[in-house]
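# Per-entry structural report
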Amino acid sequence: MESLAQLEVLCERLYNSRDSAERTRVESTLKCFSTNTDYISQCQYILDNALTPYALMLASSSLLKQVTDHSLPLQLRLDIRNYLLNYLAKRGPELQNFVVGSLIELLCRLTKFGWFDDDRFRELSKESIDFLNQGTFHYAIGLKILNQLISDMNQPNAGLPSSHHRRVACSFRDQCLFQIFQISLTSLHQLKSDASSQLQELALSLSLKCLSFDFIGTSADESSEEFGTVQIPSSWKSLFEEITTVQIFFDYYALSIPPVSKESLECLVRLASIRRSLFTNATTRSKFLDHLMSGTKDILRTGKGLADHDNYHEFCRLLGRFRINYQLSELVTVEGYGEWIRLVAEFTSKSLLSWQWASSSVYYLLGLWSRLVSSVPYLKGDVPSLLDEFVPKIVEGYITSRLDSAQADIQDELSENPLDNVDLLQDQLDCFPSLCRFQYENSSLFIIKFMEPILQVYMERGQLQGSANSELSLAEAKLAWVVHIIAAILKTKQSVGCSTEAQEIIDAELSARVLQLVNVADSGSYSHRYSELSKQRLDRALLSFFQNFRKSYVGDQAMHSSKQLYARLSERIGYNDHLLLLDFFIRKIATNLKCYTECEEVIGQTLSLFLELASGYMTGKLLLKLETVRFIIANHTKEHFPFLEEYRCSRSRTTFYHAIGCLIFLEDSVALFKSSMDPLQKTFASLESTPETMFRTDSVKYALIGLMRDLRGLAMATNSRRSYGLLFDWIYPTHMPVLLRGISQWADTPEVTTPLLKFMAEFVLNKAQRLTFDTSSPNGILLFREVSKILVAYGSTILVLPTKSDIYDYKYKGMWISLTVLSRALSGNYVNFGVFGLYGDRALVDALDIALKMTLAIPLPDILAYRKLAKAFFEFVEVLFSSHLPFVLSLDSRTFIHIVGSLELGIKGLDVNTSSQCASAIDSLASFYFNNITMRETPTSSAAISLARHIAECPALLSEILKSLFEIVLFEDCNNQWSLSRPMLSLILLSDQMFADLKAQILARQPVDQQPRIATCFDRLMANITRNLDSKNRDKFSQNLTIFRHEFRVK
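Here's what I pulled together on the structure shown here.

So, how was this worked out
- Residues numbered from 1 in each chain as written.
- Predicted model: local features only at pLDDT ≥ 70, side-chain atom pairs only at ≥ 80, totals over all residues.
- Heavy atoms only, no water.
- Helix = DSSP H or I, 4+ residues; strand = E, 2+ residues; numbered from the N terminus.
- Rg over C-alpha atoms; globule rule 2.2 N^0.38 Å.
- Buried < 20%, exposed > 50% of the residue type's maximum accessible area, 1.4 Å probe, protein only.
- Contact = heavy atoms within 4.5 Å.
- Polar contact = N/O pair within 3.5 Å; in protein donor to acceptor, adjacent residues only side chain to side chain.
- Expected span 1.5 Å × (residues − 1).

### So, the overall build of the protein
Secondary structure summary: the protein contains 54 helices and 0 strands in total. For the protein, whose C-alpha radius of gyration is 34 Å, the value lies close to the compact-globule estimate of 31 Å for 1051 residues. For the C-alpha atoms alone, the extent of the protein along its principal axes is close to 85 × 85 × 70 Å. Expressed as a percentage of the 1051 residues in the protein, the buried residues total 55%. When contacts within the protein are restricted to residue pairs at least 6 apart in sequence, those whose partners lie at least 24 apart make up 76%.

In structure tokens form, the structure reads like this:
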């Protein structure tokens, strides 16, 4: 770099150039600053002398990457920290905001990573107070430092193990967080009248970050705005029992405009979610609730700020939190409850009328009313809840607003239709049934009053030709809403203030009208409307109704306990038992499968219903009596069901054949199975006769994809030795060459390989012990040989193919499915693997070898980044270590250390199953070491000699794993302590010195006054533990570990 001026020009191009190629070139040139530790001093020089903000940004971001990715010397990190504090104090006010933000992020990252390395790192929260005692610009910097510090402490970092992150976060919570929250409240009081909105926003943001801190390490899903109870520490109690703590946020909401007002409400949402046990007694909790209700009552009364959508949504969330933390019995005792509930009811009614604007917010309000209604049976005393007065109006308002929305949605084709937003629709409808059933008779009459005129018009228009499309679409949209509401009501049979018999009769009245609608919707002119969106939405609503009706009223038990419903249905439409209704359902399913060729949503939902019916033992037996079902089993071809030919619906084929398979295997007839396989037999025959030169054509490609999806569905339906044997004998050995040919010829095409490998993964899975062959049968060994051939064919091709842009879909997906296939085959307990070595068969070795090559071809960060890939990888490694450890030990030391290192990362991960699998693999390795090396004078077997050599190459390998296990158990809220205890004992027994060193390290990191107590805890950990790995000894250690963990964590 010739000069600073030249660097500044490059930096400006890096951040401002619109030419991506130029940005890439500049980034490559400047990469040395963020990767080479020798450039740290140059970064400081840039900060001291550069004139442009882009050069300063480069220096700051490069230092951040250096600190995150490299283990820098302690003194250097302290020097950088002190330099940054002085730099921000002197130059901070004159810098651009994005530069200040980057420098603060660097300062906080240094603080987090060095938290346990030196006490000076823990002083940042106190040092930030110096900024707050100066002018406005410094005040802002101080607040930004505290905001960023909490964000960093609350967020796991790529360069920091999750166990270490949790230790730092817990220490920060205990030592600093309460003080920072007090600073935020003090700032809010100071800034209330005479400060800029930026400072107010920073102070509010700081309060919000404190209240949103992950106090107990639950690692909530940040993509969701929902969270559970806020677990405020008990030491904060006095602050929340003060009225001013809640009032300051209501004051800020009243005084400010967005976004400050929105953040005020967000803080109040957290306050309304504070755990009930925080308060000293019921009286203090009641005062806190009283204050929350008074504040929300004022907002409801004035409507201030609710014209802003963000405020409105957040306020709905605040009202919704009342249902989470408080019982109806507590609410009714608060003074002013009557006015509060009236205002909430009026607000809800207005929100329902403003459905276009408030659609995503209504969910919280309906949830509140639903929770209040469900609490009525438990309400004691004479205090009225007033729900009888308001709930019926809300029910009527919701139904009316949904029908009004149907009218508007027909006119507005650009906006998303609420009926298409499945998640939002489900959320709202889940809350609604309890409201309807609260005064069920009145609610049902209101629904029928709305539905009957629409249904009558729809029936009349169906007999006429040339009816206006818009009118039919509107009628279908309104009917879809009504059917969805009825379906939601039937989902739950619980009712308040209504007998079982009475509610069954009402259910029958509503259901009869829906069943009438089904007959109309597929007749007359409506039989040509399957391509219309409104018709598809209506059919999806009808399918939801069928699913919920089936769960409540179809089946032997339901039939006998629902006599009132069937009696009323018989009067209304002539269906007096569930066999007639099942026939009705199946005819509708067959109609949908025949008439819908391209609508994935309707096809998918139809097949889900079909599978639910077919997979039930009693309903499956009943279905086999129906002519429609017999027809489907005998004619599952594209001529009868055109969706089978549509590629976009090809995923649905698996569900279709899963349902058909359930019915075929329920009959337990070889003749039925063979006759039902005729369509697939023809496909196999066509592929087998296709010449080599024609095998890479689209017709073959789509035939293979469809066939593999069909076979996977059939394999999923085999749940017994008998049914699996029918499928196995049909496929093997006759048709297996087609699979091998398909994977060999199409290995570079994920559309083909994915369904083929997924079929194999299902085919080799020994669920319910279905893969149990006769004692003299070689079928288990033969099946594994076919698995080996397919995996070798795929793996040897995919490894040499050049990487494309979407590496997951192109390579990683096929690789993880291959690993799943092999893991299931290795752990299925139907193959004696010793046979392969005994007779010189390379099937096992080749399969393990190609699987290992595939895992080594994937960088470890990529494995950890893709959840399904990580799951398959660690499952495979667990099977390797538990059943094929000699193969692992025969690898070169570099590969062995890489695999064991990945296990250490796995136990530190957040997924409990993965952590347990890694723990099991480590236990297998440590147990082998203990039995074959520790307990013997010299290792004798070749595997033991190899293991000793590997450990000699990396002596700290096992001690680091033991250290990680202790950190997880002691400092994290682990849910798999029993699983982790197994490898811990195995590793402890390997070497007394290794355990003594670790104990000394842990003690050294504790406060001096706590060290004697913790040393005693360690002594108790090994009390009555003998030097063996018997089950009894392991169980005793697990018990000791539980006590040890509890005593260690006691403050």
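### Topic: the environment of Phe240
For Phe240, the position within the fold is in helix H12 (residues 237-240). As a C-alpha pair, Phe240 and Leu271 span 31 residues in sequence and 8.6 Å in three-dimensional space.

### Things to note about the side chain of Thr749
Position of Thr749 among the secondary structure elements: in the loop between helix H38 (736-745) and helix H39 (750-763). On the accessibility criterion, Thr749 (11% relative accessible area) is buried. A polar contact of 3.1 Å, which involves the side chain of Thr749, links it to the side chain of Asp748.

### Considerations on helix H29 (residues 578-595)
Here H29 contains 18 residues, and its C-alpha end-to-end distance of 25 Å stays within 8% of the 26 Å for a straight helix at 1.5 Å per residue. All of the buried residues in H29 are His578, Leu581, Leu582, Phe584, Phe585, Ile586, Lys588, Ile589, Ala590, Asn592 and Leu593. The N-terminus of H29 is capped by Asp577, whose side-chain oxygen sits 3.0 Å from the backbone nitrogen of Leu579.

### Side note on the environment of Leu542
As for its placement among the helices and strands, Leu542 is situated in helix H26 (residues 533-553). Looking at Leu542, the relative accessible area reads 0%, which means it is buried. Along the chain, Leu542 and Val514 lie 28 residues apart, while their C-alpha atoms are 7.7 Å from each other. Not counting the four nearest positions on each side in its chain, Leu542 is found in contact with Val483, Val514, Leu517 and Val518.

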